[in-house]
Each structure stands twice: as C-alpha cells, then as structure tokens.
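Structure at a glance
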Amino acid sequence: AVAALRPSSAGRRSGNRRVLWLLGASDDVEGRLAREGALEDAGALTEREVQVVLVGDGLGKECERTCGRNVKVSCISWAESMQGAAPDPTMVFCMNTGLGTLDPDVVQAWVPRLLVVLAGRDTVLAMTCRCEAEAAAEAGLLRRLGAKPLV
C-alpha cells in the first residue's frame, strides 16, 4: 500500500540544490511570508540554490518568487506534489500539525501524507508541535510508521 502512495520521482531529482518542502502550508501564513520575502533566510548557510516548496491547498501562485540571491519559492497543492510537480525533497517540514493530539480526524488527514514522505526515501522530516506531550505522541506514532524519531 505504501508503494502505491509514493509519488513518481522520474525526472524530479534535486541535483545540486537543496529542496525543502513545507507540508500543510496556507496562503495566510506561509504564502504571506513568501510574498514578504521572509523565506530568504532558508539559503543563509549555503551557496547552493535552495528551493522552498510550499505544499498545501488554497495557495495562490503569487507566492512564487525568488527571495534573496539563492532561494526560489514555489507553491503547489498536495495533489500536484503527488503528480511530480516538484523535485524530491531534501528535507520536509510540518509545522504544528496537531498530529500529537492523536485526534482521529487529524491522524486521518496527516498519516497518508507522512507515509508518502517516509516511503523509500532518505528524507529528513522535521515536525514542530506545541508541547512535550504532543511531541511524545508524535514520536510514538512516527515509530509505528517506521520512522526513527529524534526528540
């Protein structure tokens, strides 16, 4: 089942650049930050090109831009990411998903996405949450999904 969920990566290798996916991005938060140029710092510690891919539904294409000298921002829906619209990520960020609450609706929404990210890749997945209890619950869930969490 996991293999069926894995997006096609034909022709989507990241090459010499760093590709950062931000899952669950919204136009109100991450889209606004991109439009304001606030994602420029993503390239602060490297000379390589950094591509920040905002992945979420309802993102406006006006957030696509170059920020600073080496950061390019693009915006795609989750469905587009599954169709190969972005290069494979070097690192994936999930900010305050609520997954650690173990709320059934949140788990149902996020687990399929995380299975895709974790399937057959050596991609780093970074997650933030609001408290230690949520972090412990997320770590337990990630272990059950086959990940090796570092809390």
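See the structure shown above.
So, here is what we can say about the structure in this document. Worth saying up front: this structure is predicted, and the values here are computed from it rather than measured.

This brings us to the overall build of the protein chain. Helix and strand counts for the protein chain stand at five helices and six strands. Looking at the protein chain residue by residue over its 151 residues, the buried ones come to 42%. Of the contacts formed within the protein chain by residues at least 6 apart in sequence, a portion of 65% connects residues at least 24 apart. A total accessible area of about 8,200 Å² is found for the protein chain, and carbon and sulfur atoms account for 52% of it.

In space, the six strands of this open sheet follow the order 3-4-2-1-5-6, with mixed pairing throughout. Across the chains shown, the open sheet's two edge strands, defined by having one partner strand only, are strand 3 (65-67) and strand 6 (124-128). Shown here is a sheet whose adjacent strand axes are inclined to one another by a mean of 25°, direction ignored. Where strand 5 (residues 91-95) lies against strand 6, five bridges are found, and the strand directions are parallel. Opposite Phe93, over in strand 6, you have Ala126 as the bridge partner.

All chains considered together, the criterion is met by five salt bridges. A salt bridge links Glu49 to Arg17; the nearest nitrogen and oxygen atoms lie 3.8 Å apart. Of this pair, Glu49 sits in the loop between helix 2 (27-35) and strand 2 (50-55) while Arg17 sits in the loop between helix 1 (2-5) and strand 1 (18-23); the two residues are 32 residues apart in sequence, bridging distant segments of the chain.

This part takes up helix 2. Of all the positions in helix 2, only Asp27, Glu30, Gly31 and Ala34 are classed as buried. All buried residues of helix 2 project into a common sector of 110° when viewed along the axis, lining one side. Contacts made by the buried residues of helix 2 are with strand 1, strand 2, strand 3 and strand 4 (71-76). After helix 2 finishes, the residue Gly37 shows a positive phi value of roughly 80°.

Once that is clear, we can look at helix 5 (residues 132-144). With 13 residues, helix 5 should reach 18 Å at 1.5 Å per residue; the first-to-last C-alpha distance of 19 Å fits that figure. Every buried residue belonging to helix 5 is among Glu134, Ala135, Ala137, Glu138, Ala139, Gly140, Leu141 and Leu142, and all of these are buried. Considering only its buried residues, helix 5 is in contact with helix 4 (104-118) and strand 6. Downstream of helix 5 by a residue or two, Gly146 has a phi angle that is positive, lying close to 95°.

Here the focus is the nonpolar core. Grouped together as the largest cluster of nonpolar side chains are 20 residues, with contacts concentrated most on Trp21, Leu23, Val53, Val55, Trp78, Val92 and Cys94. For this core, the secondary structure elements donating two or more residues are strand 1, strand 2, strand 5, helix 4 and helix 5. With six residues, helix 4 is the single largest residue contributor to this core. Those residues in contact with Val55 that sit more than four places away from it in its chain are Trp21, Leu22, Leu23, Gly24, Ala25, Ile76, Ser77, Trp78 and Ser81.

It is worth spelling out unusual backbone geometry at this point. Phi angles above zero are rare outside glycine, and Asn96 is one such case at about 45°. Within the fold, Asn96 resides in the loop between strand 5 and helix 4. Backbone geometry places Leu102, a non-glycine residue, at a positive phi of 60°. Overall, the relative accessible area of 41% leaves Leu102 in the partly exposed class.

Thresholds applied
- All residue numbers refer to positions counted from 1 along the written sequence of the respective chain.
- Reporting of local features is limited, given that this is a predicted model, to residues whose pLDDT is at least 70; pairs of side-chain atoms are given and counted only at 80 or more, and all residues count toward the totals for whole chains, interfaces and linings.
- Here the side-chain values reflect all heavy atoms present in the structure, with hydrogen atoms and water set aside.
- What counts as a helix is a DSSP run of H or I of at least four residues, what counts as a strand is a run of E of at least two, and both are numbered from the N terminus.
- Buried means the residue's accessible area, taken with a 1.4 Å probe over protein chains only, is under 20% of the maximum for its type, while exposed means over 50%, and partly exposed covers the values in between.
- For this analysis, residues touch if any pair of their heavy atoms sits within 4.5 Å.
- The Shrake-Rupley method, run with a 1.4 Å probe, gives the accessible areas here. Residue values count only the displayed protein chains as cover.
- Think of it this way: DSSP has to see at least two bridges between two strands before they count as a pair.
- Helix axes are fitted only over the stretch in contact, all axes being lines through C-alpha atoms; the angle between N-to-C directions runs from 0 to 180 degrees.
- Should a side-chain nitrogen of Lys or Arg be within 4 Å of a carboxyl oxygen of Asp or Glu, the pair is scored as a salt bridge.
- Directions from the helix axis toward the C-beta atoms define the arc.
- Residue count minus one, scaled by 1.5 Å, sets the expected span of a helix.
- What is meant by a nonpolar core is a set of buried Ala, Val, Leu, Ile, Met, Phe, Trp, Tyr and Cys residues, joined one to another through side-chain atoms within 4.5 Å.

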